[in-house]
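Observations on the three-dimensional arrangement
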Amino acid sequence: MNQLPYLLDEICAGVEVYYTGRTGGQYFKTAFILCDDYTELTAKLFLLTDNTHWSDAKGGGFKNYSDIQTDVEAVFTAKRAAALPTVTALHSNLLSRRASRNGFFHKTHFLNLSVTPRGCVESFCDLFSYGELLFGNDWTQAVAATRNLETLVILLKLEKKSFSEPLVWPKVEEIIKTWPRNKKNSAQTGVHLTMHPEDMHLRLTVTYGHKALRDKLAALLL
């Protein structure tokens, strides 16, 4: 049974959590932690897809995150050696984030540590790069088939691009601001004409924008 669509559905929910509270930053830490969990699940699913007999059991317990990364790298060493440097570089970033994530739960001085929008965006962008590297076209197709995830991925890439090119995000905001309300609703008033917090309008626009919105946003990546 192909579990990838179920994983991508969960990841989509995590990205939605981030964009629901982006303006006020209420859910940055939650989104960051979820992204870290999804990254481990992605690695485990890859290992099970490669070998149905793979197990995360180790001695009397379970393999830690570093053990799982080692197993992934072993597959690449044996079968996809040319891509091994790419996966090890990603693993270094992911393992560093795992250390921060564990600190939220095990070190009280981390409780007041803020997670920045950049931290969330780069985490999710690395997760999608990781998924593409591990699963190839199967990952790309699953993203395209999962609700509004394809549009959300473009938003993440644009936000990451805006860190080095600040003029990018105002262009995104202009597209969102001028996007029409839900055209399926023939009434003169509707969800897009009601006063909503900024993030809710973004979510609604992504939900009803479909391919037309996705194409317009994607053009900003060029």
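Above this text is the structure in question.
Residues numbered from 1 in each chain as written. Predicted model: local features only at pLDDT ≥ 70, side-chain atom pairs only at ≥ 80, totals over all residues. Heavy atoms only, no water.

Turning to the overall build of the protein, a few remarks are in order. A count of helices and strands for the protein gives 9 helices and 2 strands. Starting at the N terminus and ending at the C terminus, the protein contains elements arranged as α-α-β-β-α-α-α-α-α-α-α. Within the protein, contacts between residues separated by at least 24 positions form 73% of all contacts whose residues are at least 6 apart in sequence. Surface accessibility of the protein: about 12,000 Å² in total, with carbon and sulfur atoms responsible for 56%. (Helix = DSSP H or I, 4+ residues; strand = E, 2+ residues; numbered from the N terminus. Contact = heavy atoms within 4.5 Å. Areas by Shrake-Rupley, 256 points an atom, 1.4 Å probe, with all protein chains shown as cover.)

The residue Lys63 is located in the loop between β2 (61-62) and α3 (65-79) in this model. Within the structure, the side chain of Lys63 is placed 2.7 Å from the side chain of Asp71, a separation counted as a polar contact. Apart from the residues lying within four places of it in its own chain, the contact partners of Lys63 are Trp54, Ser55, Asp56, Ala57, Lys58, Ile68 and Asp71. (Polar contact = N/O pair within 3.5 Å; in protein donor to acceptor, adjacent residues only side chain to side chain.)

What follows is about the pattern of salt bridges. Under the defined criterion, the tally for this structure stands at 17 salt bridges. Asp36 is the salt-bridge partner of Arg101, the closest N and O atoms lying 3.4 Å from each other. One end of the pair, Arg101, is in helix α4 (residues 84-106); the other, Asp36, is in helix α2 (residues 28-50), with 65 residues separating them in the sequence. Exposure class is identical for Arg101 and Asp36. Each is buried. The closest approach of N and O atoms between Glu150 and Arg214, which form a salt bridge, is 3.3 Å. Here Glu150, found in helix α7 (residues 149-164), pairs with Arg214, found in helix α9 (residues 198-218); they are 64 residues apart in sequence, far enough to count as distant. (Salt bridge = Lys/Arg side-chain N within 4 Å of Asp/Glu carboxyl O. Buried < 20%, exposed > 50% of the residue type's maximum accessible area, 1.4 Å probe, protein only.)

This part is about the packing of aromatic side chains. Scanning all chains against the criterion turns up 6 aromatic pairs. Between Phe135 and Trp139, the ring centres sit 6.1 Å apart and the planes meet at 15°, which makes this aromatic pair stacked. In this structure, Phe135 and Trp139 share a single accessibility class: buried. Members of the aromatic cluster, each reached through a chain of ring pairs, are Phe46, Phe76, Phe128, Phe135 and Trp139. Positioned over the ring face of Tyr65 is Arg98, at 4.1 Å from the centre of the ring. (Phe/Tyr/Trp six-rings, centres within 6.5 Å; stacked < 30°, edge-to-face > 60°. Lys NZ or Arg CZ within 6 Å of the ring centre and 35° of its normal.)

Below, the discussion takes up helix α1 (residues 4-20). With 17 residues, α1 extends 24 Å between its outermost C-alpha atoms, agreeing within 8% with the 24 Å of an ideal straight helix rising 1.5 Å per residue. What α1 keeps buried is the set Leu4, Leu7, Leu8, Ile11, Cys12, Gly14, Val15, Glu16, Tyr18 and Tyr19. (Expected span 1.5 Å × (residues − 1).)

This paragraph deals with the packing of α2 against α3. Look at α2 against α3: their axes get within 10 Å of each other, and the N-to-C directions meet at 45°. Comparing the axis directions of α2 and α3 gives the class oblique. Along this stretch, α2 crosses α3, giving a crossing that reads as left-handed. Every residue of α3 that contacts α2 at Thr39, Glu40, Ala43, Lys44, Phe46, Leu47 and Asp50 is listed here: Tyr65, Ile68, Asp71, Val72, Val75, Phe76 and Lys79. Taken together, the residues of the contact of α2 with α3 sort by class into 8 nonpolar, 1 polar and 5 charged. (Axes fitted to C-alpha atoms, helices over the stretch in contact; angles between N-to-C directions. Parallel < 35°, antiparallel > 145°, perpendicular 65-115°, else oblique. Left-handed = near helix turned anticlockwise from the far one by under 90°. Nonpolar A, V, L, I, M, F, W, Y, C, P; charged D, E, K, R; others polar.)

With that out of the way, let us pick up the nonpolar core. Ranked by size, the top nonpolar core spans 61 residues in total, and within it Phe124 and Phe128 carry the most contacts. Not counting residues up to four positions away in its chain, the partners in contact with Phe124 are Ile11, Gly14, Val15, Tyr18, Ala31, Cys35, Tyr38 and Leu156. (Core = buried A, V, L, I, M, F, W, Y, C linked by side-chain atoms within 4.5 Å.)

This brings us to the packing of α1 against helix α5 (residues 117-135). Here α1 crosses α5 at 165°, and the two axes come no closer than 11 Å. With respect to α5, the element α1 is oriented roughly antiparallel. Read as a crossing pair, α1 and α5 show a hand that is left-handed. Where α1 abuts α5, its residues Leu4, Leu8, Ile11, Gly14, Val15 and Tyr18 lie against Pro117, Cys120, Val121, Phe124, Leu127, Phe128 and Phe135. Taken together, the residues of the contact of α1 with α5 sort by class into 12 nonpolar, 1 polar and no charged.

A few words on unusual backbone geometry. For Arg147, which is not glycine, the phi dihedral falls at a positive 35°. As for its placement among the helices and strands, Arg147 is situated in the loop between α6 (137-145) and α7. Accessibility expressed as a relative area gives 43% for Arg147, which makes it partly exposed. Residue His210 is not a glycine yet carries a positive backbone phi of 55°. Structurally, the position occupied by His210 is in helix α9. For His210, a relative accessible area of 41% puts it in the partly exposed group.

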